[in-house]
Amino acid sequence: IAFFKGTGLWKVRASGGEPVQIAQARRPSSGSWNTDGTLLYSVEHGKAILTVPSGGGTPRIVRAQRPGVRSALWWPVHVGDGSAFVYSAIDDATGRRTLYLARMDEASDGADTPLIINDSNPLVAGDRVFYISDGELKVQRLDVAAGRLV
């Protein structure tokens, strides 16, 4: 189980025990833990999304705000294959919150694929993306290779 405490990202076994700090996390807001042990988390009120192995280490920025392009990066969620993830950010051109598809192995300031304009936080299970739209729970399949919801 991973959680934020103070200015850190921590983990504790589900069976109990002493919590262990994994990395620093100034002003964190959300995160996701993949089956390969990689954690993604948002810091500094959405200034950046970082990744770190669950065993600890130096966090690496995988997405950063780009003035005039995107800001307030929140709710990173791993997508099946490990390197792809979905996150929510403000599209600075429209001022609207948008869900984006990105890859951890691409440049942190790269252009990501917009999936849908939506104010809700994404949840991902397998190749399905769940979100709220007009007060209703929606689910769509994510085609990572094509970079779109189908």
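Residue indices begin from 1 for each chain and proceed along its sequence in written order. Under the rules for a predicted model, residues below a pLDDT of 70 receive no local features and side-chain atom pairs below 80 are neither given nor counted, while totals for whole chains, interfaces and linings still include all residues. Each side-chain value is worked out from all heavy atoms of the structure, with water and hydrogens disregarded.

Colleague: Even after reading the chapter, I still don't get the packing of aromatic side chains, so can you show me in this structure?
Modeller: Pairs of aromatic rings are described using the distance from one ring centre to the other and the angle between the two planes. Any pair of Phe, Tyr and Trp rings, taking the six-membered ring for Trp, is counted once the centres come within 6.5 Å. Such a pair is stacked with planes under 30 degrees apart, edge-to-face with planes over 60 apart, and tilted for the rest. Under the defined criterion, the tally for this structure stands at 3 aromatic pairs. Summarising the aromatic geometry, the rings of Phe85 and Tyr87 are spaced 5.8 Å apart at their centres and angled 35° between planes, so their arrangement reads as tilted. In this structure Tyr87 comes out as buried when scored by relative accessible area, which is 0%. On the basis of an interplanar angle of 20° and a centroid distance of 5.4 Å, the ring pair of Tyr87 and Tyr100 is categorised as stacked. Placement of Tyr87 in strand 9 (residues 84-91) and of Tyr100 in strand 10 (residues 96-103) is noted, with a sequence separation of 13 residues between them. We note that Tyr87, like Tyr100, is buried. Taken together through their ring pairs, the aromatic side chains of Phe85, Tyr87 and Tyr100 make up a single cluster. For a Lys NZ or an Arg CZ to count as sitting over a ring, it must be within 6 Å of the ring centre and within 35 degrees of the ring normal. The side chain of Lys5 reaches across the aromatic face of Trp10, ending 5.1 Å from its centre. Relative accessibility under 20% of the residue-type maximum defines a buried residue, over 50% an exposed one, and the middle range a partly exposed one, all with a 1.4 Å probe and only protein chains included. To qualify as a helix, a DSSP run of H or I must reach at least 4 residues; to qualify as a strand, a run of E must reach at least 2; elements of each kind are numbered from the N terminus.

Colleague: What should I look at first to understand the sheet that holds strand 1 (residues 2-5) in this one?
Modeller: The pairing of strands in a sheet comes from backbone hydrogen bonds and takes either a parallel or an antiparallel form. Strand order in the open sheet formed by 3 strands is 1-2-3, and the pairing between neighbours is antiparallel. Edge positions in the sheet fall to strand 1 and strand 3 (20-24), since each of these pairs with one other strand and no more. When strand polarity is set aside, the average angle formed by the axes of neighbouring strands in this sheet is 35°. DSSP calls a pair of strands paired once it identifies at least 2 bridges connecting them. Bridge count between strand 1 and strand 2 (residues 8-11): 4 bridges; the pairing is antiparallel. Residue Ala2 lies in a different strand from strand 2, and its bridge partner there is Lys11. Axis lines are fitted through C-alpha atoms, for helices just across the contact stretch, and the angle between N-to-C directions can take any value from 0 to 180 degrees.

Colleague: I would appreciate a short explanation of unusual backbone geometry in the present structure.
Modeller: Negative phi values dominate among residues other than glycine, just as trans dominates among peptide bonds. Look at His45: it is not a glycine, yet its phi comes out positive at around 55°. Residue class for His45 comes out exposed when judged on its relative accessible area of 55%. The backbone of Ala72 sits at a positive phi, close to 50°, despite the residue not being glycine. Structurally, the position occupied by Ala72 is in strand 8 (residues 70-78).

Colleague: Just to check I follow, could you spell out the pairing of strand 8 for this structure?
Modeller: Two faces belong to every sheet, and in a regular strand the side chains alternate between them. Along strand 8, 7 of the 9 residues are buried, which leaves the element largely enclosed by surrounding structure. The pairing of strand 8 with strand 9 spans 5 bridges and is antiparallel. Across the sheet, Trp74 pairs through a bridge with Ser88, a residue of strand 9.

Colleague: Honestly, the side chain of Asp91 in this entry has me stumped. Any pointers?
Modeller: Structurally, Asp91 is set in strand 9. Under the counting rule used here, the positive set is Lys and Arg, the negative set is Asp and Glu, and His together with the chain ends is not counted. A carboxyl oxygen of Asp or Glu within 4 Å of a side-chain nitrogen of Lys or Arg is what we treat as a salt bridge. One buried charged residue, Asp91, remains without a salt bridge, the closest side chain of opposite sign being Arg96 at 9.4 Å. In protein, a polar contact requires one atom able to donate a hydrogen and another able to accept it; more generally it is a pair of N or O atoms within 3.5 Å, and residues adjacent in sequence count only if both atoms are side-chain atoms. Of note is the side chain of Asp91, whose polar atom sits 2.8 Å from the backbone nitrogen of Ala93.

No statement about biological role is implied by the geometric values presented.
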